[in-house]
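Observations on the model geometry
Okay, here's what each chain looks like letter by letter:
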Amino acid sequence: MNEDLKRKNKRNNLIILIIGVLIVIGVVGGFGIHNHRVASQAAAEKYARTHFNPNVKIDGVKVGKLTVAKATAKVNKKAKNHVQLRNEKLVYSYNTTVPAIDEAETKAFFKKQQTKTPSDQAYNFTTKNLAVAKKKLNALKKAELTYKINGKNYQLKAKDLLNDVSYQDNKYRFGDTSKLTEKLTQIDKEVSTLHKSYKFTVPVGNKVKGKTITVENKTWGWGVYVKKARRLILQAFADGKTTFDGADAIYGVGYSTYAHGYGKSNHEIGNTYAVVSLKKQEVWLVRKGKLVAHLDDVVTGTMEGSKGDQTPRGVWYIHYKESPSTLRGTNDDGSSYASPVKYWMPFTLSGCGFHDASWRTDWSKKAYLRGGSHGCVNVKPSEIRKVWNNISKNEPVIIYE
């Protein structure tokens, strides 16, 4: 009996011992598991403080699990950080000359995505330069402006005229502008007044308006200065302007490259001008719409013989006025001449102009046929002051048959 009791007690004690051991193991194991969990969490938090979360992209480049420094290096090596507007579409490419991102911007992105422990949430960041370029190019794609010139309006749309544009360093960079050049060249052909013919009413006798003739602009007139207009219009697009004044980019020819006649009335001649009739050998000077002088005994270029001696027809302008002056040139026989004059008012680059001719004795109406000038309009010394006092630099001179 006692033996059975002893065996039973031993068995119970063994069970108690086993249970105790199991409890101790459980406590120790649980403490170990807890410590491991705490350690793992601490490690994860430490990792998250220095590394991007797994699903993060900057400019399309995966930077998950990278430090700020390594992420910056990887983006600058692989990001398509250059955006261009090509044929109405934004095209992205890699540009080695322009860093996509600096470390400060990467740190800013890092702070936006940072969590206590690594997170699987996806983040897709765009660098400031790329975002600004995209915004600017999208705005340019919609840009339009009205090109106003001499009473006409032309609508210019950036998307139709600009094939290659990028945005860097806070400014647009325009590549292919050939379509804009073609458009401006077309406009020039439509509006330019250089070498264009038109009807004009010239004086007859003592009347300002007497006879309608057809004249052609030679050096008088203007055209579109395409190169300058292109530059200014590109700047207007860049500045977001909606209108452009074409008068800011026009040119002229001859002695002065400034435009002549733009915006004037009376076929752009205005109401102050000189008129020379070759057939009648007469000159009229009109100022502010009134006839102020009429000379009916001038002599123009010789008609017979060398064609180079004829006074050129067309609409020209006074280059300058000089008093006194010496006229120099070559005679038909090849000899040179130097003729002093008191008043000189040239209107062609070939050397034709108004001047007094003290050496001339024949002032008849037919003198110009065989014994005229080398192309100038000879005026009697007694009448030259009328011309000098009533004509100014850059004023038109109309010469007709």
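Below: a short report on this structure.

Calculation notes
- Residues numbered from 1 in each chain as written.
- Predicted model: local features only at pLDDT ≥ 70, side-chain atom pairs only at ≥ 80, totals over all residues.
- Heavy atoms only, no water.
- Pairing = 2+ DSSP bridges.
- Helix = DSSP H or I, 4+ residues; strand = E, 2+ residues; numbered from the N terminus.
- Axes fitted to C-alpha atoms, helices over the stretch in contact; angles between N-to-C directions.
- Contact = heavy atoms within 4.5 Å.
- Salt bridge = Lys/Arg side-chain N within 4 Å of Asp/Glu carboxyl O.
- Parallel < 35°, antiparallel > 145°, perpendicular 65-115°, else oblique.
- Left-handed = near helix turned anticlockwise from the far one by under 90°.
- Nonpolar A, V, L, I, M, F, W, Y, C, P; charged D, E, K, R; others polar.
- Core = buried A, V, L, I, M, F, W, Y, C linked by side-chain atoms within 4.5 Å.
- Buried < 20%, exposed > 50% of the residue type's maximum accessible area, 1.4 Å probe, protein only.
- Arc of directions from axis to C-beta.
- Expected span 1.5 Å × (residues − 1).

Digging into the sheet that holds strand β7 (residues 152-157)
The sheet built from 3 strands is open, its strands ordered β7-β6-β13 with mixed pairing. Looking at strand neighbours, the two that pair on one side only are β7 and β13 (243-245), the edges of this open sheet. Shown here is a sheet whose adjacent strand axes are inclined to one another by a mean of 25°, direction ignored. Bridging between strand β6 (residues 144-149) and β7 involves 6 bridges; their strand directions are antiparallel. By the bridge assignment for β7, K148 is matched with N153. Against the sheet, helix α7 (residues 226-238) engages β6, β7 and β13, with an angle of about 145° to β6.

A closer look at the pattern of salt bridges
All told, the structure shown has 9 salt bridges when counted by the stated rule. A salt bridge links K159 to D160; the shortest N-O distance between them is 3.4 Å. Residue K380 pairs with D297 through a salt bridge whose shortest N-O separation is 2.8 Å. Of this pair, K380 sits in the loop between β23 (377-379) and α9 (384-389) while D297 sits in the loop between β17 (290-295) and β18 (314-317), and the two are 83 residues apart along the sequence.

Focus on the packing of helix α6 (residues 178-191) against α7
Running from amino to carboxyl end, α6 crosses α7 at an angle of 125°, the nearest separation of the two axes being 10 Å. By the angle between their axes, α6 is oblique relative to α7. Pair α6 / α7 crosses with right-handed handedness. Here α6 contributes L180, T181, L184 and T185 to the contact with α7, which in turn contributes V226, A229, R230, I233 and L234. The residue inventory of the contact of α6 with α7, partitioned by class, reads 6 nonpolar, 2 polar and 1 charged.

A word on the nonpolar core
Core analysis: the largest hydrophobic core is formed by 33 residues, its most contacted members being L140, Y147, I149, I233 and F237. Only β3 (82-86), α4 (128-141), β6, β7, α5 (158-161), β8 (164-168), α6 and α7 provide two or more residues apiece to this core. When residues of this core are assigned to their parent elements, the largest contribution, 6 residues, is made by α7. Those residues in contact with L140, other than ones at most four positions away along the chain, are L85, A158, L162, V165, Y172, F174 and F237.

Points about helix α2 (residues 68-78)
Buried residues of α2: V68, A71, T72 and V75, and no others. For α2, the buried positions fall inside an angular range of 100° around the axis, keeping them on one side. Those residues of α2 that are exposed and aimed more than 90 degrees away from the buried face are K70, K77 and K78. Residues of α2 that are buried sit in contact with β1 (56-58), β2 (61-62) and α3 (103-113).

Comments concerning unusual backbone geometry
Most peptide bonds take the trans form, and the phi angle of most residues other than glycine is negative. Cis geometry is adopted by the peptide bond preceding P324, which originates at S323 and carries an omega value of -5°. Its location among the elements puts P324 in the loop between β18 and β19 (325-330). In the Ramachandran plot, Q281 falls in the positive-phi region, its phi being about 55° despite a non-glycine side chain. What makes Q281 buried here is its relative accessible area of 0%.

Remarks on the environment of G246
Assignment of secondary structure puts G246 in the loop between β13 and β14 (250-251). The exposure class assigned to G246 is buried, which follows from its relative accessible area of 0%. Taking C-alpha positions, G246 is 7.4 Å from A229, a pair spaced 17 residues apart along the chain. Beyond its immediate chain neighbours, meaning those up to four positions away, G246 contacts Y147, K148 and I149.

Notes on α4
Under the 1.5 Å per step criterion, the end-to-end length of α4 is 20 Å for 14 residues, consistent within 8% with the ideal 20 Å. Next to the buried residues of α4 lie β3, β4 (89-93), α5, β8, β9 (171-174) and α7.

Considering the sheet that holds β9
Strand order in the open sheet formed by 4 strands is β4-β3-β8-β9, with antiparallel pairing between adjacent strands. Pairing within the sheet leaves two strands with one partner each, and these edge strands are β4 and β9. On average, adjacent strands in this sheet sit at an angle of 30° to one another, irrespective of strand direction. Direction of pairing for β8 relative to β9: antiparallel, over a ladder of 4 bridges. By the bridge assignment, Y167 is partnered in β9 with Y172. Contacting β3, β4, β8 and β9, α4 crosses the sheet at an angle of about 10° to β3.

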